[in-house]
Amino acid sequence: MKKFIALLAFLMIQACICIYAQSIIDHLQQNGAGLGNVTIHQDDDIAALLSSDLASAKGNRSTTSATVKKQGYRVQVYVGNNTRASKNEASKIASDVRNKFPDMPVYAMFNPPRWLCRVGDFRTIEEAHAAMREIKKQGNFREVSVVKDQIVLPLE
């Protein structure tokens, strides 16, 4: 009897998993009596990301821009206080860095209680120091240093 109950519970769990395994898109597009008609037009990559089938999402990885956050390093080029002038200065410096180094990502952000401008997503401190030397060569940025930060990397 215990084996029968265990088998029945296992089969019920499997049935629930199958029911919930379908994506929200499949659920919305079901036809039935008393249900409206929903048509969704979307890119296949969105369906792959929404589906519970991770293999299909990994198969379309080349066309999606998935990222992951990791601990790494950035080059800090500006630190201000929490005034509007500091916000404008951080944005101005971010724009200058983007113009001089278009291949590097630039982040102007408010990290209470100050405005920051940081450059790059570097995995190692050596990469960050090399970028810092390039930025210092420009001579326009006076507060340049390497800092530890959460970086954004493309999913491998």
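Computed from a predicted model, the values in this text were never measured in an experiment.

Novice: I'd like a rundown of helix α6 (residues 125-138), residues and numbers included.
Specialist: With 14 residues, α6 extends 20 Å between its outermost C-alpha atoms, agreeing within 8% with the 20 Å of an ideal straight helix rising 1.5 Å per residue. Contacts made by the buried residues of α6 are with β1 (67-79), β3 (114-122) and β4 (145-154). Looking one or two residues past α6, glycine 139 carries a phi angle of roughly 80°, positive in sign.

Novice: Outline the environment of valine 152, listing residues and values.
Specialist: Considering the arrangement of structural elements, one finds valine 152 in strand β4. A relative accessible area of 28% places valine 152 in the partly exposed class. A sequence separation of 31 residues divides valine 152 from aspartate 121, and the C-alpha atoms of the two residues are 6.3 Å apart. Those residues within four positions of valine 152 in sequence are excluded, and the remaining contacts are Thr67, Val68, Lys69, Arg74, Tyr107 and Asp121.

Novice: Please provide a residue-by-residue account of the packing of aromatic side chains, values included.
Specialist: Summed over the entire model, instances satisfying the criterion amount to 1 aromatic pair. Ring centres of phenylalanine 110 and tryptophan 115 lie 5.2 Å apart, and the angle between their planes is 50°; this geometry places the pair in the tilted category. A residue is classified by how much of its surface remains accessible, and phenylalanine 110, at 39% relative accessible area, is partly exposed. Exposure remark for tryptophan 115: the relative accessible area of 16% places this residue in the buried category.

Novice: Could you give an account of the side chain of glutamine 76, with specific residues and numbers?
Specialist: Within the secondary structure, glutamine 76 is located in strand β1. A polar contact of 2.8 Å, which involves the side chain of glutamine 76, links it to the side chain of arginine 118. Ignoring anything within four residues of it in the chain, the contact list for glutamine 76 reads Leu116, Cys117, Arg118, Glu143, Val144, Ser145 and Val147.

Novice: Which residues make up the pairing of β1, and what are the values?
Specialist: Direction of pairing for β1 relative to β4: antiparallel, over a ladder of 10 bridges. Looking at the pairing, lysine 70 lines up with isoleucine 151 of β4. Where β1 and β3 come together, 5 bridges link them in antiparallel fashion. Within β3, the position partnered with valine 79 by the bridge is leucine 116.

Novice: Can you lay out helix α5 (residues 84-100) for me, pointing to particular residues and giving the numbers?
Specialist: For α5, with 17 residues, the first-to-last C-alpha span of 25 Å sits near the 24 Å given by 1.5 Å per residue. Those residues of α5 that sit buried are Ser86, Ala90, Ile93, Ala94 and Val97. Looking straight down α5, one finds that the buried residues subtend no more than 105° of arc, so they occupy a single side. Among the exposed residues of α5, those oriented more than 90 degrees off its buried face are Arg84, Ala85 and Asn99.

Analysis parameters
- Residues numbered from 1 in each chain as written.
- Predicted model: local features only at pLDDT ≥ 70, side-chain atom pairs only at ≥ 80, totals over all residues.
- Heavy atoms only, no water.
- Helix = DSSP H or I, 4+ residues; strand = E, 2+ residues; numbered from the N terminus.
- Expected span 1.5 Å × (residues − 1).
- Contact = heavy atoms within 4.5 Å.
- Buried < 20%, exposed > 50% of the residue type's maximum accessible area, 1.4 Å probe, protein only.
- Phe/Tyr/Trp six-rings, centres within 6.5 Å; stacked < 30°, edge-to-face > 60°.
- Polar contact = N/O pair within 3.5 Å; in protein donor to acceptor, adjacent residues only side chain to side chain.
- Pairing = 2+ DSSP bridges.
- Arc of directions from axis to C-beta.

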